[in-house]
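Tertiary structure, described
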Amino acid sequence: MQHTSKFFQTVCALSVICLTLLVSSPLALLAFSDSASPIPVSGPPNDPEGPEDPDPDPELVPVPENKYTIPNNAIDAYYMNENPDNPAIPSKPVYDVFTVEERQARGLVLEVPKVSPYYGQKVVYLTFDDGPEPENTPAVLAILKSQGIKATFFVVGNQIEKYPAILRQIYQDGHAIGNHSYNHVYRELYQSTNNYFSQLRHTDEIIKNSIGVRPRISRAPGGSAGSFTKEYWATLKNLGYTEVGWNISSGDASSAKAGQLVNNIAAQMDNKNLWSHAILLMHDGRGHAETVKALPAIIKFYKDRQFEFRVVNFETPSPW
Ligand SMILES: [Zn+2]
């Protein structure tokens, strides 16, 4: 018995020594670090000149696993990363630091965190589809900025390829961004789920190449009604996208003039059931100058009635 106890004591003592060494070693500190960026190699505290060797051997400075990564150009948004303890999502745009492929390769979850839908007294989500476009999108952005309002842009992949700087502006201004397919061609998109989701993935990559993150919200061109089968909805869920429809249409897909667009919206807002979550469909794509013209009056309509302007995220209720 005594031998066993002595042996046990020795093992314990050795364990404590090993643990102490491990915890105090710089490598262990790196391993426990939450920081996404490489640990800077600094000189001793009393050395204001910093490191002697400005270009240390990268093999000696291991970069920690990017557990809580956020991009360098981060804005005030909610970033999905590797953190399994997703905090509650406040009223912010939501972005993912990984593409679907990157999540799958890392064995990370694709599911959307469960949050309660937000219903306010008077809430409106301004949404703009089919951009970025070189005339209308910057004009919309300028109006939103001058009014201090954040909105949501459902963007098209082949437009981003042409105007990546405008997408970056949307992002940097703090608006939400959603995936609106690569080419917006209905007969291709709705031929098969494979076609549809290859376009979504492709557009995600284009967006990520431009702003460093990708959206987790999407809007089916022309709307999901009549185009989405059960298989589309199942695949959408499996890949972690949240589909966002609308319940108020500005009617700007027609040749209506600005004044008519405002009237269209005002008429639909008579339905008080929508006040808690009015999701307004507009377009900033080519040929939508009337929408830009109407926008100040549309914003005034909602401001006069004390509506709260929010961006679409996981808290946004289903439109109907
Ligand atoms: Zn569209």
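For every chain, the first residue of its written sequence is number 1, and the numbers climb from 1 along that sequence. Side-chain atom pairs in this predicted model are given and counted only at pLDDT of 80 or more, local residue features only at pLDDT of at least 70, and totals for whole chains, interfaces and linings cover all residues.

Examining the pairing of strand β4 (residues 152–155)
Inclusion rule: Here a residue counts as buried when 20 or more other C-beta atoms sit within 10 Å of its C-beta, as exposed when there are 12 or fewer, and as partly exposed otherwise, the C-beta atoms being derived from the backbone. Labels follow the DSSP assignment, with helices taken as runs of H or I lasting at least four residues and strands as runs of E lasting at least two, numbered in each case from the N terminus. Two strands pair under a simple rule: DSSP has to find at least two bridges between them.
Where burial is concerned, the two faces of β4 agree: the one with Thr152 and Phe154 and the one with Phe153 and Val155 are both buried. Both strand β3 (residues 123–129) and β4 contribute to a ladder of three bridges, which runs parallel. Paired with Phe128 across the bridge in β4 is Phe153. Bridge count for β4 against strand β5 (residues 176–179) is four bridges, and the pairing is parallel. The residue bridging Phe153 from the neighbouring strand is Ile177, located in β5.

Observations regarding the sheet that holds strand β6 (residues 214–215)
Across the sheet, three strands lie side by side as β1-β2-β6; this open sheet has mixed pairing. Strands with a single pairing partner mark the edges of an open sheet, and in this sheet they are β1 (78–80) and β6. Bridging between β1 and strand β2 (residues 94–96) involves three bridges; their strand directions are parallel. Paired with Tyr78 across the strands is Val94, a residue of β2.

A word on the environment of Ser255
Within the secondary structure, Ser255 is located in the loop between β9 (248–249) and α10 (258–268). Under the C-beta neighbour-count criterion, Ser255 is labelled exposed, with 8 such atoms within 10 Å. Between the C-alpha atom of Ser255 and that of Glu290, which follows or precedes it by 35 residues, the distance is 8.5 Å.

Comments concerning the environment of Tyr241
How we decide: Contact between two residues is assigned when their C-beta atoms, built from the backbone, lie within 7 Å.
Checked against the element boundaries, Tyr241 lands in the loop between α9 (230–238) and β8 (242–243). You can call Tyr241 buried: it has 23 C-beta atoms within 10 Å. As for Tyr241 and Ser218, which are separated by 23 residues in sequence, their C-alpha atoms are 6.4 Å apart. Setting aside residues no more than four positions away along its own chain, Tyr241 makes contact with Leu200, Arg216, Ser218 and Leu236.

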